[in-house]
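# Commentary on secondary and tertiary structure
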Amino acid sequence: MEHERGVQALAPVVDFSALDKRQRLAIDENADAIEIEHAVVLGDVPGQIDGVGISRAAGALDAEAHADRRRIVGKKALHALKRGGGELDRHGHGRLAEGTARQSLAPRVPDRSWRSPAIQVPSRIQMPPPDAPTRLRNTPLSAMMRGFQRSAWRINSLESRSKQRMSVVSVKQALSGALPAGSRISVRGWVRTRRDSKAGLSFINLSDGSCFDPIQVVAPDSLANYADEVQRLSAGCAVIASGELVASQGKGQGFELQASSVEVLGWVEDPETYPIQPKAHSLEFLREVAHLRPRTNLFGAVSRVRHTLAMAIHRYFDQNGYCWINTPIITTSDAEGAGQMFRVSTLDLMNLPRTDKGAIDTRKDFFGKDAFLTVSGQLNVEGYCLALSKVYTFGPTFRAENSNTARHLAEFWMIEPEIAFADLAENARVAEDLLKFVFRTVLDERPDDMAFFADRVEKSAISRLEAFINAPFERIDYTDAVAILKKSGKKFEFPVEWGIDLQTEHERYLVEEHVGRPVVVTNYPEKIKAFYMRLNDDGRTVAAMDVLAPGIGEIIGGAQREERLDVLDARMQQFGLDPAHYQWYRDFRRYGSVPHAGFGLGFERLVVYVCGLANIRDAIPYPRVPGHAEF
RNA sequence: GCCCGAAUAGCUCAGCUGGUUAGAGCACUUGACUGUUAAUCAGGGGGUCGCUGGUUCGAGUCCAGCUUCGGGCGCCA
């Protein structure tokens, strides 16, 4: 938002919002009293004056090192800003007053070591105008400030020639048809491809991630920087293109941008080794460059769909009267059967405190006891369920299991609704309703990305979601499922027997061969399910459910909770759990206990399914799995 | 944790039962052509064939170990 105003503004904008310690140090050595933050000049500036240009004039920074940042830093800039009649707004962004910005100054002698192609150092020396305020001319302004003024002067010169102002729009807005042809706009993004035409123009496909399609920027050779810069653009370069939005003369897009200026903000230092090329990459390779893969079509699309799914989930619960509860990330509950946990500790591993008996003294640890990253917010959220009736969690979850599959992450996001006064049937109904709602939403709101998945990733990406939405879920009792599997005549690696948990191969048969659409399997043997699941009247099964979907298997696991204290205690004893650790959880059954139910939905598994991905590591920005936590 | 497979240019891959100077496409670069659509055409640069050892007259190719990546399974969401 600031950027949009910044480009429209004709005076430079000083952005004091970000901080980099190393930057600060480097600057402190070279220019005393320059301490902080960023100075960013935004504008439609044909002469390539930008933050780096300023730093060049200032001589305050190692230009080479900062050529790609177009940002500089300075406390003196702040002083100078105020002295020069500018001010800081409430966001910490500085702005020069127009009058003072006319101050120009003498640029330094061009420096041969300055090799950034983005910068053209003016060769002519400009003297300050005689009408400039004396205090501005005589004060030893920081070099930084002089840089601002110089670029501001140039911007203002441009303004006097043309009253037209560019408004910054996203590529999505530009392509949407919402803006009339002839609109003067700026778009900002990263180059996907560049094609030159000897007719005297270049075509730049520019993407800013706001939608699947890039916008085609038509850059004529009349641009001042055409030969120097435009024709050197390669994939990944950051660019601000300004000009007129016009109906495209070529095929393939409705609108394009007829550029009157193409400003290069960030070059790709070595186009040959830039990992993201306009070609198909393997997913394995892209995982190795997870920090750059969002620039690909696929990961851009996955990211937008992931966002849309998250918003749809929140919207579903919000519209249905659920309250979002933020359960703790750090827990001191003992393992609750959901898996291995990551320990959270501030103890010095090289010098562990010991008890008299030689054991590690966790009383000396940060929380005074063992602490772990949560494996589920369910136990905590039950308390809020028994007060707010309909609640859900949506947050990160951690499992320290050594799982090496395409369906497991050590860190993932989970959605866990918990519904008071609900039984297992209601639980299953909500699960079905939720999934169908979010699938419908993503088909409605991200047709461009979904079309890409159907085209390049998984042919049935769209059709299977439509089928999912239109078919009622099948409901099968575990006992019946076992009978079906036994009768199937299929040879399974793990033989089916009542009392075993269903294996992946069994689930796949049920879903993909026997039913062909999503299945809810209910009422599992009590021995194989968690202690908090409600014991059925038969005494040998619990009111648990798994939602199985074609292509991914188990996407949801849930249960009606055991609301009877005596039964819960017996179950905990059976599982060898110490009730002392669960006093607070038992309290829910002591004070106003009611039947309630809930389930857990793995968010990344949802993303995998919707996008037609094969590996869950591609459904989260920076996947964490055993042996890997790069980036 | 168990089983299986793979590793050749910046990327995607070919390279047959071991045989002379290891190839293609993309990317980069030079030129031609062009309102182009991951443009096209012609030329050029670019390789410790994952690492270590072994078999052999000869190893990208066969063997062993290691490393890394992938697939399947278990645990689960």
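So, here is what we can say about the structure in this document. (Residues numbered from 1 in each chain as written. Chains lettered and ligands numbered in written order. Predicted model: local features only at pLDDT ≥ 70, side-chain atom pairs only at ≥ 80, totals over all residues. Heavy atoms only, no water.)

### Some points on the protein's contact with RNA strand B
What counts, and what does not: Proximity is defined per residue: any heavy atom of the residue falling within 4 Å of a molecule or strand makes that residue near it. Distance and chemistry together define a polar contact, namely a pair of N or O atoms within 3.5 Å, with one atom able to donate a hydrogen and the other to accept it when in protein, and with adjacent residues in sequence counting only for side-chain atoms on both sides. Put simply, Ala, Val, Leu, Ile, Met, Phe, Trp, Tyr, Cys and Pro go in the nonpolar bin, Asp, Glu, Lys and Arg in the charged bin, and everything else, Gly too, in the polar bin.
Around RNA strand B sit 52 residues in total, of which Glu256, Lys279, His408, Arg605 and His628 are the nearest. In RNA strand B, atoms within 4 Å of the protein come 46% from sugar and phosphate. One nitrogen or oxygen atom from the side chain of glutamate 256 is found 2.2 Å from a base nitrogen belonging to RNA strand B. The contact in question runs from a base nitrogen of RNA strand B to an N or O atom on the backbone of asparagine 404, over 2.7 Å. A per-class count over the surface near RNA strand B returns 13 nonpolar, 24 polar and 15 charged.

### Overview of helix α16 (residues 478-487)
Heads up, the condition is: Buried means the residue's accessible area, taken with a 1.4 Å probe over protein chains only, is under 20% of the maximum for its type, while exposed means over 50%, and partly exposed covers the values in between. Secondary structure counts use DSSP, requiring at least four H or I residues in a row for a helix and at least two E residues in a row for a strand, with both numbered from the N terminus. Comment: arc refers to directions from the helix axis out to C-beta atoms. Throughout, a residue-residue contact means that at least one pair of heavy atoms, one from each residue, lies within 4.5 Å.
Considered for burial, the residues of α16 that qualify are Tyr478, Ala481, Val482, Ile484 and Leu485. Seen end-on, α16 carries its buried residues on one side only, within an arc spanning 160°. Along its buried surface, α16 packs onto β15 (474-477), α17 (504-515) and β16 (519-525). Put simply, aspartate 477 is the residue that caps the front of α16, since its side-chain oxygen is 3.1 Å from the backbone nitrogen of threonine 479.

### Description of the pattern of salt bridges
Rule in force here: Salt bridges, as used here, are contacts in which a Lys or Arg side-chain nitrogen is within 4 Å of a carboxyl oxygen on Asp or Glu.
Evaluated as defined, the whole model comprises 28 salt bridges. For arginine 315, the salt bridge goes to glutamate 445, with nearest N and O atoms at 3.1 Å. Taken as a pair, arginine 315 in helix α11 (residues 297-319) and glutamate 445 in helix α13 (residues 424-445) lie far apart in primary sequence, 130 residues in all. Between arginine 534 and glutamate 563 there is a salt bridge whose closest N-O contact spans 2.9 Å. On the criterion of sequence distance, the pair formed by arginine 534 in the loop between β16 and β17 (541-549) and glutamate 563 in the loop between β18 (553-560) and α18 (565-574) is long-range, its members being 29 residues apart. According to the relative accessible area criterion, arginine 534 is buried, its value standing at 16%. Given the relative accessible area of 13%, glutamate 563 is considered buried.

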